[in-house]
Amino acid sequence: MGIFDSLDMPGGRTKADLETPLNTPEGRARAGRAALDVANRGAAGVLGGPVDLAALALKPLGYDHPAPIGGSEWVGNLMQQAGMVSPDRYPLPELLASVALPFAAPVGAKAVGALASGVSALKGTGLLGPAGLEAQRGAIYLGGKTRLLTDLKAGKGSGTYQLGDVTEGQLKGLQRLGVPKTAGREVMMNDEALKHLMDRRMAIDQFSPEEIVRFAEQAMQPRAKAWIDPAGRAHKPSLQNEGLLDPVTGRRYDAQMPLAEKGAGLEVVTVVPRGLPSRKTKAPE
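Residues numbered from 1 in each chain as written. Predicted model: local features only at pLDDT ≥ 70, side-chain atom pairs only at ≥ 80, totals over all residues. Heavy atoms only, no water.

1. Digging into the overall build of the protein chain
- Helix and strand content of the protein chain: nine helices and eight strands.
- Within the protein chain, contacts between residues at least 6 apart in sequence are counted, and of these 60% link residues at least 24 apart.
- Taken as a whole, the protein chain presents about 15,100 Å² of accessible surface, with 60% of it coming from carbon and sulfur. (Helix = DSSP H or I, 4+ residues; strand = E, 2+ residues; numbered from the N terminus. Contact = heavy atoms within 4.5 Å. Areas by Shrake-Rupley, 256 points an atom, 1.4 Å probe, with all protein chains shown as cover.)

Structure (structure tokens):
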């Protein structure tokens, strides 16, 4: 396993999932995919490094974005959209690769060339222009998703961070339901909301951390609509993604995320799989 030993495996997998012997076709294929991901993500770190440093310098002034345009995460997301890397992440190897690539010209040139090919493939799709970038907004961020899962598994919060953002249409819908018009699009997770998820969704409803993260991701998809319970005066405006299928019970439910205005953006109040019974109720066989 080497440098992968100290890492939490992405996508809810465990280390055992990657312990396939390397002398088997499956093991060699898995190792090859991981190595290619690390190399390409390392190239993204090289290309986006200057922007990342600039964003870091602006953080004390209130600018805090996990994927600034032109930064390493932004470049990596373009690579992922082009099919050049998988969603799996290996933070330590990626960091080492981003440091090593500038001193390995042939490898770096190949990775940068691959990126250029991927970006060229995206031209004409509308994803690289201002309108395309705008359309990509309105989703949970990979970094926010990973941090939420880590905090839920650890049973404690890690402070306030950006979980993702909403689309322009979602923001306008939330504003029509009472969210102040000064609110921005950023959606922040905090320790209070995390505690509610642990106390209610995990302890009482007995949903797993992975399920809670899935509900949050579904509620933040661009297709989710602004919604508020007309019968609940104290209820907050929410993002609601309707008609989802639960793989455990086979029931339909709505992934709901009540939001509150906080400073220049929004903050999560909780996450609710509306229409799903608790996992204490035995699923039908």
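2. Describing the packing of aromatic side chains
- Using the criterion set out here, one finds two aromatic pairs in the structure.
- Judged by centre distance (5.2 Å) and plane angle (90°), the ring pair of Phe207 and Phe215 falls under edge-to-face. Of the two residues, Phe207 and Phe215, both sit in the buried class.
- Here Phe215 and Tyr253 contribute two aromatic rings whose centre-to-centre distance is 5.6 Å and whose plane-to-plane angle is 75°, an arrangement assigned as edge-to-face. Taken together, the positions of Phe215 in helix H9 (residues 209-219) and Tyr253 in strand E6 (residues 252-262) put the pair 38 residues apart, joining distant regions of the chain. Tyr253 carries the same exposure label as Phe215, and that label is buried.
- Among the aromatic side chains, those forming a connected cluster through ring pairs are Phe207, Phe215 and Tyr253. (Phe/Tyr/Trp six-rings, centres within 6.5 Å; stacked < 30°, edge-to-face > 60°. Buried < 20%, exposed > 50% of the residue type's maximum accessible area, 1.4 Å probe, protein only.)

3. Observations concerning the nonpolar core
- If you look at the biggest cluster of nonpolar residues, it comprises 35 residues, and the most contacted ones within it are Leu148, Leu163, Met257 and Val268.
- Of the residues forming this core, the biggest block, five residues, is contributed by H9.
- Ignoring any residue separated from it by four or fewer positions in sequence, one finds Leu148 in contact with Tyr161, Leu163, Met189, Leu194, Leu197, Val213 and Ala216. (Core = buried A, V, L, I, M, F, W, Y, C linked by side-chain atoms within 4.5 Å.)

4. A look at helix H8 (residues 191-204)
- Over its 14 residues, H8 extends 18 Å from the first C-alpha to the last, a length consistent with the 20 Å expected when each residue adds 1.5 Å.
- Looking at the buried side of H8, the elements it contacts are helix H6 (142-154), strand E3 (186-189), H9, strand E7 (265-268) and strand E8 (272-274).
- Between a side-chain oxygen at the N-terminus of H8 and the backbone nitrogen of Glu192 the separation is 3.1 Å; the capping residue is Asn190.
- One or two steps after H8, the chain reaches Gln206, where phi turns positive at roughly 65°. (Expected span 1.5 Å × (residues − 1). Polar contact = N/O pair within 3.5 Å; in protein donor to acceptor, adjacent residues only side chain to side chain.)

5. Quick look at the side chain of Gln218
- Assignment of secondary structure puts Gln218 in helix H9.
- Among all residues touching Gln218, those that are not within four sequence positions of it are Ala224, Asn241, Leu244, Tyr253 and Ala255.

6. Comments concerning the packing of H6 against H8
- Their axes nearest at 10 Å, the elements H6 and H8 cross at an angle of 60°. Judged by the inter-axis angle, H6 sits oblique to H8. As for the relative orientation of H6 and H8, their crossing is right-handed in sense. Residues Leu148, Asp151 and Leu152 of H6 form the contact with H8, whose participating residues are Leu194, Leu197, Met198 and Met202. (Axes fitted to C-alpha atoms, helices over the stretch in contact; angles between N-to-C directions. Parallel < 35°, antiparallel > 145°, perpendicular 65-115°, else oblique. Left-handed = near helix turned anticlockwise from the far one by under 90°.)

7. What about the side chain of Ser238?
- Mapping Ser238 onto the fold places it in strand E5 (residues 238-245).
- Polar contacts involving the side chain of Ser238 include one to the main-chain carbonyl oxygen of Lys236, which spans 3.2 Å.

8. Notes on unusual backbone geometry
- A positive phi angle, close to 65°, is found at Gln206, a residue other than glycine.
- Structurally, Gln206 is set in the loop between H8 and H9.

9. Quick word on the confidence of the model for the protein chain
- Per-residue confidence for the protein chain gives a mean pLDDT of 75, with 59% of residues at or over 70.
- In the predicted structure, residues 103-136 sits below a pLDDT of 50 and forms 31 contacts with residues beyond four places in sequence or in another chain. (pLDDT = per-residue confidence, 0-100.)

10. Side note on the pattern of salt bridges
- One pass over the structure, following the stated rule, counts nine salt bridges.
- The salt bridge partner of Lys172 is Glu168, with a shortest N-O separation of 3.8 Å. Here Lys172 pairs with Glu168, and both are found in helix H7 (residues 168-176), just four residues apart, close to one helical turn.
- Judged by its relative accessible area of 43%, Lys172 is partly exposed.
- A residue is classified by how much of its surface remains accessible, and Glu168, at 30% relative accessible area, is partly exposed.
- Asp246 is the partner of Arg279 in a salt bridge, and the nearest nitrogen-oxygen pair spans 2.9 Å. Of the two residues, Arg279 is situated in the segment after E8 and Asp246 in the loop between E5 and E6; the sequence distance between them amounts to 33 residues. The pair formed by Arg279 and Asp246 is uniform in burial state, with each residue classed as buried.
- Three or more residues joined by partner-sharing salt bridges are found here, namely Glu211, Arg214, Asp246 and Arg279. (Salt bridge = Lys/Arg side-chain N within 4 Å of Asp/Glu carboxyl O.)

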